[in-house]
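# Topology and contacts: notes
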Amino acid sequence: VGLIQSIACWAVFFGVMPRMYELFRADKHPSEYSVADSEADNAGMSSYYWTLVLGQVGAALATTTTRQSALLRWAPNWWLTACIVLELLLALLVLTWSPLQNIFKTRCLS
């Protein structure tokens, strides 16, 4: 599952986000980035992070059972439900709340 998550994260980072591959090919140090380059880099990191969070939630749901639907079975497990909800809420805060955006260098994805 970890390898699949890594492939998905890098595919979104380089394939979906504009300018990430261009920045990679330019081989510039982040201290040499323009303001637009920094914003593109932060958006790329945000897309990577959000893809990773969704992969973790998917992995948590996939490992709950092999005999029942994960959507029907995971809700009675209150610890798992709480952890998934908290993970998603924290991820959304990191992506949308400016104090956390500044710490983690993320941006709201549009």
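This structure is a prediction, so every number in the text was calculated from the model and none was measured. (Residues numbered from 1 in each chain as written. Predicted model: local features only at pLDDT ≥ 70, side-chain atom pairs only at ≥ 80, totals over all residues. Heavy atoms only, no water.)

Here the focus is the pattern of salt bridges. Side-chain pairs of opposite charge can arise whenever the charged atoms involved come near each other. Summed over all chains, the structure comprises four salt bridges. Here R19 and D37 are joined by a salt bridge, their closest N and O atoms 2.3 Å apart. In this pair, R19 is assigned in the loop between α1 (2-16) and α2 (20-26) and D37 in helix α3 (residues 35-62), connecting sequence segments 18 residues apart. Exposure remark for R19: the relative accessible area of 30% places this residue in the partly exposed category. The buried category is assigned to D37, whose relative accessible area is 4%. With a shortest N-O distance of 2.8 Å, D37 and K28 are connected by a salt bridge. By relative accessible area, which is 31% here, K28 ends up partly exposed. Through salt bridges that share partners, R19, E22, K28 and D37 make up one connected network. (Salt bridge = Lys/Arg side-chain N within 4 Å of Asp/Glu carboxyl O. Helix = DSSP H or I, 4+ residues; strand = E, 2+ residues; numbered from the N terminus. Buried < 20%, exposed > 50% of the residue type's maximum accessible area, 1.4 Å probe, protein only.)

In terms of nonpolar packing, the biggest core is built from seven residues, these being F13, M17, M20, L23, Y33, A40 and A43. Of all elements in the fold, only α2 and α3 reach the threshold of two or more residues within this core. Every residue in contact with A40, bar those within four places of it in the chain, is listed here: P18, R19, M20 and L23. (Core = buried A, V, L, I, M, F, W, Y, C linked by side-chain atoms within 4.5 Å. Contact = heavy atoms within 4.5 Å.)

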